[in-house]
Amino acid sequence: QVQLVESGGGLVQAGGSLRLSCVASGSIFSINAMGWYRQAPGKQRELVAAMASGGSTNYADSVKGRFTISRDSAKNTVFLQMNSLKPEDSAVYYCNADLWTTVRRRGNYWGQGTQVTVSS
């Protein structure tokens, strides 16, 4: 069993900041990549930022220069620092992990999501 638990969402005014955290736990052998997706009402889930095991990162154009993804590999934790937030950043943010389990199965796992609301 693998669990991803997010924290750090909330309500913030436009221009403010939030930091999301996601901890992966359970039968994990190794993590290939972790990242953040978001889904606003009536819209498809979209990639926000991702980080591969080697440290390479990928960001959505809409968040470049404002959001930063980082990790603590020893703790299987990924962070998303969100600055200069805009109302259009409001969404449920989901943590995602591409990993190998201890029984050598590769899988893609999701957290339960955390709500981010940016008021104008």
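Scroll up for the structure.
The structure contained in this document is the topic of the report that follows.

Rules behind the numbers
Residues numbered from 1 in each chain as written. Predicted model: local features only at pLDDT ≥ 70, side-chain atom pairs only at ≥ 80, totals over all residues. Heavy atoms only, no water. Salt bridge = Lys/Arg side-chain N within 4 Å of Asp/Glu carboxyl O. Buried < 20%, exposed > 50% of the residue type's maximum accessible area, 1.4 Å probe, protein only. Disulfide = S-S within 2.5 Å. Helix = DSSP H or I, 4+ residues; strand = E, 2+ residues; numbered from the N terminus. Core = buried A, V, L, I, M, F, W, Y, C linked by side-chain atoms within 4.5 Å. Contact = heavy atoms within 4.5 Å.

## Comments concerning the pattern of salt bridges
- Under the counting rule described, the total for this entry stands at 5 salt bridges.
- Here Arg 106 ties to Asp 98 by a salt bridge, and the two come within 2.6 Å at their closest N and O atoms.
- Given the relative accessible area of 52%, Arg 106 is considered exposed.
- If you follow the salt bridges from partner to partner, you end up with Arg 38, Glu 46, Arg 66 and Asp 89 in one network.

## A closer look at the state of the cysteines
- The final tally for this structure, using the stated rule, is 1 disulfide.
- Bridging Cys 22 to Cys 95, the disulfide has an S-S length of 2.0 Å. The sign of the S-S torsion, about -85°, decides the handedness of the disulfide formed by Cys 22 and Cys 95: left-handed. Taken as a pair, Cys 22 in strand E3 (residues 18–26) and Cys 95 in strand E9 (residues 91–101) lie far apart in primary sequence, 73 residues in all.
- Residue classification places Cys 22 among the buried positions, given a relative accessible area of 0%.

## Concerning the nonpolar core
- In terms of nonpolar packing, the biggest core is built from 30 residues, with Trp 36, Leu 80, Met 82 and Tyr 93 touching the most fellow members.
- For this core, the elements supplying multiple residues, two or more each, are strand E1 (2–7), E3, strand E4 (28–39), strand E5 (46–52), strand E7 (67–72), strand E8 (77–82), E9 and strand E11 (114–119).
- Counting residues per element, this core draws most heavily on E9, at 5 residues.
- Apart from the residues lying within four places of it in its own chain, the contact partners of Met 82 are Gly 16, Ser 17, Leu 18, Leu 20, Arg 66, Phe 67, Tyr 93 and Val 116.

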